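Spelled out, the chains give:
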Amino acid sequence: MAYVEERLMFLQAAHIVTTPQRDLKGLLSRLQYEDGLHSDLLKNRLLELRVSRSRGYGVPDERLEVVLDEAMRSEGSVELLAALAGVFKPALLEVYRSYVRQTNGLADYESVRLMRAIIAEEEETLDLLEAAYSDVVQTVEEKEVAAKWASTLEKMLEDAGGIAGAAETGVGSVQAVRSGGRFRVARRPGRDDTFSSVWDFVHVDENRVPERLAQMIATRLGEMTIAEALAIVLLEVEGQPWSFYVAISRHMWDEMRHSLFGEAAAEQVYGDRAALPLRDFEIEYLFEMTPLELYAMLGIGVEAALMKYPPGKRAEYEFCRDLARHPLMTTFQDFDWADEVEHVQIARSQLKRWFAGDADELSALAERGMQFRARTRRLHAPSPMPELPA
């Protein structure tokens, strides 16, 4: 169970980039984080049950590994949802329920307690994925593609002995069809037509309150691109402690939450979640960087700079509270500020172990990333904020 939850975290994070549907991107961002937390809870429980770290954090069955490698190669949203809603999530739920039924609830209380919480989240997850499946998989052709892929993965999972493993050894052999070689995250995010786009916005001063509020909402909306880029860090950095991947998974979901802040605020202020466009310029530099360059630039460059006052996150919060007097955006900016403080701490902690150089070299690496960001931003002229209803 711990291994499958871990792999589903990576599966969903990888497909955030290529998935075009805005709403599905948001859902996958949340679910990959929750699955990472489930895996973390189960791994810690395994250690309490005297399972060695190497075994508890390792691959329990090579056949199961092949099945999940194949699932990583799901092509498009139709196959991805078929894999999640049609195969892995129902199977995983059944294993959790079966475990709780069979174990001694007094002796194994801690396992039962945490699994009940996980089951509740996984039940909600399955409902959400089934709703997404209904939205996305509509034509006869799409339903045929989904059914075929689900059947393929179900057969492979059965041959691997299922998620719980079979009592008999050698239930069947599992042969890779699509997988082989290292998985690489796409370097160009998919987009649907939910939002229009611009290269960048002209900066607006705080004395122009309605425009400045609109710019802040649009900036939050654009953090979807940051979430997508963090998939590169999560998927392509190898050899780090498990805690590294849980931290990056959380960072990814936070950035997508912030994008959803912008969407919810636009809907409240303007009556249309798509009233403001997305910025494009961040795609052009984030997906050109190595994972280390990207994370140093984000954590030590951009987000650490936002801790300065003024301007920074505190000033954004105070603007929404005192000048715009907008309760929802004040709440969003308050939590955005808290998240960014946490992200800086996460980045400093993880980069200290990850980066081979000293603090000055790390600062220099982050600064080079910031300069690349600035050069890219200047490639095209920014646009004024669109005229919006008061």
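Use the structure listed above.
Calculation rules
Residues numbered from 1 in each chain as written. Predicted model: local features only at pLDDT ≥ 70, side-chain atom pairs only at ≥ 80, totals over all residues. Heavy atoms only, no water. Phe/Tyr/Trp six-rings, centres within 6.5 Å; stacked < 30°, edge-to-face > 60°. Helix = DSSP H or I, 4+ residues; strand = E, 2+ residues; numbered from the N terminus. Buried < 20%, exposed > 50% of the residue type's maximum accessible area, 1.4 Å probe, protein only. Lys NZ or Arg CZ within 6 Å of the ring centre and 35° of its normal. Axes fitted to C-alpha atoms, helices over the stretch in contact; angles between N-to-C directions. Parallel < 35°, antiparallel > 145°, perpendicular 65-115°, else oblique. Contact = heavy atoms within 4.5 Å. Nonpolar A, V, L, I, M, F, W, Y, C, P; charged D, E, K, R; others polar. Left-handed = near helix turned anticlockwise from the far one by under 90°. Core = buried A, V, L, I, M, F, W, Y, C linked by side-chain atoms within 4.5 Å. Salt bridge = Lys/Arg side-chain N within 4 Å of Asp/Glu carboxyl O. Polar contact = N/O pair within 3.5 Å; in protein donor to acceptor, adjacent residues only side chain to side chain.

Draft legend 1. Highlighting the packing of aromatic side chains. Counted by the stated rule, this structure contains nine aromatic pairs. Here Trp199 and Phe281 contribute two aromatic rings whose centre-to-centre distance is 6.4 Å and whose plane-to-plane angle is 55 degrees, an arrangement assigned as tilted. Here Phe281 lies in helix H11 (residues 281-286) and Trp199 lies in the loop between strand S1 (197-198) and helix H8 (209-221), a separation of 82 residues in the sequence. On the accessibility criterion, Phe281 (0% relative accessible area) is buried. Geometrically, the ring pair formed by Phe244 and Trp354 is edge-to-face, given 5.3 Å between the ring centres and 80 degrees between the ring planes. Taken together, the residues span a long stretch of sequence, with Phe244 in helix H10 (residues 242-270) and Trp354 in helix H14 (residues 327-354) at a distance of 110 residues. Phe244 sits in the buried class, given a relative accessible area of 0%. A cation over a ring is seen here: Lys43 above Trp242, with NZ or CZ 4.7 Å from the ring centre. Across the ring face of Tyr309, the terminal group of Arg314 is positioned such that the distance to the ring centre comes to 4.0 Å.

Draft legend 2. Spatial organisation of the packing of helix H12 (residues 291-305) against helix H15 (residues 359-377). Viewed as axis vectors pointing N to C, H12 and H15 meet at an angle of 95 degrees, and their least axial separation amounts to 8 Å. Judged by the angle between their axes, H12 and H15 are roughly perpendicular. Contacts from Leu292, Glu293, Ala296, Met297, Ile300, Gly301 and Val302 of H12 reach H15 at Leu362, Leu365, Ala366, Gly369, Met370 and Arg373. Of the residues contributing to the contact of H12 with H15, the split by class is nine nonpolar, two polar and two charged.

Draft legend 3. Layout of the environment of Asn207. Mapped onto the elements, Asn207 comes out in the loop between S1 and H8. Taking relative accessible area as the criterion, Asn207 reaches 66% and is therefore assigned exposed. A sequence separation of 120 residues divides Asn207 from Val87, and the C-alpha atoms of the two residues are 54 Å apart.

Draft legend 4. Structural context of the packing of helix H5 (residues 76-102) against helix H6 (residues 109-136). Taken N-terminus to C-terminus, the directions of H5 and H6 make an angle of 155 degrees; their axes are 9 Å apart at the nearest point. Between H5 and H6, the angle is such that the two are roughly antiparallel. H6 is crossed by H5, and the crossing has left-handed handedness. Taken together, the residues of the contact of H5 with H6 sort by class into 20 nonpolar, three polar and five charged.

Draft legend 5. How the structure looks around unusual backbone geometry. The step from Tyr309 to Pro310 runs through a cis peptide bond, and the omega angle for that step is -15 degrees. Between Pro310 and the following residue, Pro311, the backbone shows a cis peptide bond with an omega angle of 0 degrees. Looking at the secondary structure, you find Pro311 in the loop between H12 and helix H13 (312-323). Even without being glycine, Arg50 reaches a positive phi, approximately 65 degrees. Mapped onto the fold, Arg50 is located in the loop between helix H2 (22-48) and helix H3 (53-56). Despite not being glycine, Arg325 has its phi angle at roughly 50 degrees, a positive value. Positionally, Arg325 belongs in the loop between H13 and H14.

Draft legend 6. Summary view of the nonpolar core. Core analysis: the biggest nonpolar cluster contains 99 residues, and Phe88, Val233, Leu234, Leu286 and Tyr295 have the highest contact counts within it. Ranked by residue count, the leading element in this core is H5, at 13 residues. Setting aside its immediate chain neighbours within four residues, Leu286 contacts Thr225, Ile226, Ala229, Ile232, Leu294, Met297 and Leu298. Grouped together as the second largest cluster of nonpolar side chains are 19 residues, Phe201, Ala214, Met216 and Phe261 included.

Draft legend 7. Representation of the environment of Pro241. Relative to the assigned elements, Pro241 resides in the loop between helix H9 (224-236) and H10. Taking C-alpha positions, Pro241 is 9.5 Å from Arg353, a pair spaced 112 residues apart along the chain.

Draft legend 8. Structural context of the pattern of salt bridges. Counted by the stated rule, this structure contains 39 salt bridges. For Arg30, the salt bridge is made with Glu124, and the minimal N-O distance between the two is 3.2 Å. A residue pair is termed long-range when its members are at least 10 positions apart, and Arg30 in helix H2 and Glu124 in helix H6 qualify at 94 residues. Between Glu211 and Arg208 there is a salt bridge whose closest N-O contact spans 2.8 Å. When its relative accessible area of 32% is taken as the criterion, Glu211 is described as partly exposed. Residue classification places Arg208 among the partly exposed residues on the basis of a relative accessible area of 39%. What emerges from the salt-bridge pattern is a single network uniting Arg220, Glu223, Lys313, Glu316 and Asp336.

Draft legend 9. Fine view of the side chain of Gln215. Along the polypeptide, Gln215 turns up in helix H8. For Gln215, the side chain forms a polar contact with the main-chain nitrogen of Val204, separated by 3.2 Å. Among residues more than four places away in sequence, those in contact with Gln215 are Phe201, Val202, His203, Val204 and Met385.

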